[in-house]
Amino acid sequence: MKNGVKEKEEYLECLWGMKEQKSISMDCFKNNINQKFDEKILDDLVSDGFANILNQGKDVVLTENGEARAREIIRAHRIGERLLYDVFGEEFEEGACEFEHIKAMDIVDSICTLLGHPRECPHGRPIPEGKCCKLSAKTAHNMVAHLTDLEIGKTAKIAYIECRDDSRMHKLNGLQIRPGTFVKLHQRYPCYVLECEGANIALDEDIVSNIRIWLHSSEKNNNKKDV
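Here the structure is a predicted model, which is why all the values come from computation and not from measurement.

Chemist: I'm lost on the packing of aromatic side chains in this one. Help?
Modeler: How two aromatic rings sit relative to each other is given by the distance of their centres and the angle of their planes. Across all of its chains, the model carries three aromatic pairs by this definition. Measuring from ring centre to ring centre gives 6.5 Å for Tyr11 and Phe37, while their planes differ by 15 degrees; the resulting arrangement is stacked. In this pair, Tyr11 sits in helix α1 (residues 5-20) while Phe37 sits in the loop between α2 (26-33) and α3 (39-47), placing the two residues 26 residues apart along the sequence. A ring pair is formed by Phe29 and Phe37, whose centres lie 6.2 Å apart and whose planes are at 85 degrees; its orientation type is edge-to-face. The class for Phe29 is buried, based on a relative accessible area of 0%. In this structure Phe37 comes out as partly exposed when scored by relative accessible area, which is 25%. Just above the ring of Trp16 sits the side chain of Lys19; from NZ or CZ to the centre is 4.9 Å.

Chemist: Hey, could you run me through the pattern of salt bridges in this one?
Modeler: Side chains that carry opposite charge are capable of pairing whenever their charged atoms lie near each other. If you walk through the whole model with that rule in mind, you get ten salt bridges. In this structure, Arg69 and Glu72 form a salt bridge, with 2.9 Å as the shortest nitrogen-oxygen distance. Separated by three residues within a single helix, Arg69 and Glu72 lie in helix α4 (residues 64-87), roughly one turn from each other. Its salt-bridge partner being Asp109, residue Arg75 comes within 2.8 Å of it at the nearest N-O pair. Taken as a pair, Arg75 in helix α4 and Asp109 in helix α6 (residues 105-114) lie far apart in primary sequence, 34 residues in all. Asp109 gets classed as buried once you look at its relative accessible area, which sits at 16%. Each of the salt bridges in this network shares a partner with another, and the network as a whole consists of Lys8, Lys40, Asp44 and Asp48.

Chemist: Explain α1 here, please?
Modeler: Residues spaced three or four apart along an α-helix point in a common direction, a consequence of the helix completing one turn every 3.6 residues. Across its 16 residues, α1 extends 23 Å between first and last C-alpha, which sits within 8% of the 22 Å expected from 1.5 Å per residue. Turning to α1, its buried residues number three or more, namely Lys8, Glu9, Tyr11, Leu12, Glu13, Cys14, Leu15, Trp16, Gly17 and Met18. Two residues or fewer after α1 comes Lys22, characterised by a positive phi angle close to 60 degrees.

Chemist: Quick question: what am I supposed to make of the confidence of the model for the protein here?
Modeler: Mean pLDDT over the protein works out to 82, with 80% of the residues at or above the 70 mark. Across residues 217-227, where pLDDT falls below 50, the model places 19 contacts with residues more than four positions away in sequence or in other chains.

Chemist: I keep staring at the sheet that holds strand β4 (residues 155-161) and nothing clicks. Help me out?
Modeler: Adjacent strands of a sheet pair through backbone hydrogen bonds, lying either parallel or antiparallel. Strand order in the open sheet formed by six strands is β3-β8-β4-β5-β6-β7, and the pairing between neighbours is antiparallel. This sheet does not close on itself; its edge strands, each paired only once, are β3 (144-146) and β7 (199-203). Each strand of the sheet is rotated relative to its neighbour by a mean of 45 degrees, with strand direction disregarded. Sheet topology note: the β4/strand β8 (residues 211-214) ladder contains four bridges and is antiparallel. If you follow Ile158 over to β8, its bridge partner there is Ile213.

What counts, and where the lines are drawn
Residues numbered from 1 in each chain as written. Predicted model: local features only at pLDDT ≥ 70, side-chain atom pairs only at ≥ 80, totals over all residues. Heavy atoms only, no water. Phe/Tyr/Trp six-rings, centres within 6.5 Å; stacked < 30°, edge-to-face > 60°. Helix = DSSP H or I, 4+ residues; strand = E, 2+ residues; numbered from the N terminus. Buried < 20%, exposed > 50% of the residue type's maximum accessible area, 1.4 Å probe, protein only. Lys NZ or Arg CZ within 6 Å of the ring centre and 35° of its normal. Salt bridge = Lys/Arg side-chain N within 4 Å of Asp/Glu carboxyl O. Expected span 1.5 Å × (residues − 1). pLDDT = per-residue confidence, 0-100. Contact = heavy atoms within 4.5 Å. Pairing = 2+ DSSP bridges. Axes fitted to C-alpha atoms, helices over the stretch in contact; angles between N-to-C directions.

What follows is the structure in structure tokens.
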């Protein structure tokens, strides 16, 4: 790419988001970019071989090369969100926007491995798989489990939380239910009762199903859902 790499990567990120929404409309693209839209940047992406303009300017799509680069940007961004939220417990959007411009994918893969190869960002959007995920798919699956799969009376450490609702995420955080804390499952029905930081908390299954836990190898055969 030429000058304005950061701006071009933001355009690629936007086009990837449209791809997830199954949209190729130029009007949709301009609306998503909003005041940042600059026709010259889009022209540069076309000349660089990262985007194509179709149907007399009505549609815009990623090329194969553009999709590959956008995939890296999105992966880095969403891994960055998980890192900032799960490890540091901080607001993640601003920091993740900087994280997405990392060019060394081995660093992103190392962080992904550290986090247990999460499949979704905190907002519930899919994280594109990296080489580390494909090589360690079975191991990663065995390392992280749903809290709903924990055996009653067992304790586990929260790995991460998948939640599309920011208010729900903040509610869980206020209850001290956050990555790195330990929870003990006391009850499943009529609602889930968890012990966390010395307090018993009652939660509906749809909330508990968003919580992922670290599953130690010694517990793998014990942590099965009660019938």
